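# What the coordinates show
If you want the building blocks of each chain, they are given just below.
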Amino acid sequence: MSQSTYTVEGMTCSHCVSSVTEEVGQIAGVQNVDVDLATGKVTVTSDTDLSIDDVRAAVTEACYQLAS
């Protein structure tokens, strides 16, 4: 198991959290997605290390962006 934390910019409500959780959760190997709205932190637990490009693409699909 691998756990990674990312910062997502632009989330303002529970719908934002749901969108990010759904999109990131669709990445192959992801077991759990925990989003903290107050901090923008997204903690992802997966079978293996995730590609940052895959995570960025999922967050972008949810209409948000990873902090650089």
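My aim in this report is to walk through the structure given alongside it, one point at a time. (Residues numbered from 1 in each chain as written. Predicted model: local features only at pLDDT ≥ 70, side-chain atom pairs only at ≥ 80, totals over all residues. Heavy atoms only, no water.)

Turning our eyes to something else, we now look at the side chain of Ser 2. Residue position: Ser 2 is located in strand β1 (residues 2-9). A relative accessible area of 11% places Ser 2 in the buried class. Of note is the side chain of Ser 2, whose polar atom sits 2.7 Å from the side chain of Asp 49. If sequence neighbours within four positions are ignored, Ser 2 has contacts with Val 44, Thr 45, Ser 46, Thr 48 and Asp 49. (Helix = DSSP H or I, 4+ residues; strand = E, 2+ residues; numbered from the N terminus. Buried < 20%, exposed > 50% of the residue type's maximum accessible area, 1.4 Å probe, protein only. Polar contact = N/O pair within 3.5 Å; in protein donor to acceptor, adjacent residues only side chain to side chain. Contact = heavy atoms within 4.5 Å.)

Along the polypeptide, Asn 32 turns up in strand β2 (residues 30-36). Since its relative accessible area comes to 42%, Asn 32 is described here as partly exposed. Excluding its chain neighbours within four sequence positions, the residues that come into contact with Asn 32 are Thr 43, Val 44 and Thr 45.

Take the side chain of Thr 43 next. With respect to the helices, strands and loops of the structure, Thr 43 is situated in strand β3 (residues 41-46). Of note is the side chain of Thr 43, whose polar atom sits 3.3 Å from the side chain of Thr 5. Contact partners of Thr 43, with chain neighbours within four places excluded, come to Gln 3, Ser 4, Thr 5, Asn 32, Val 33 and Asp 34.

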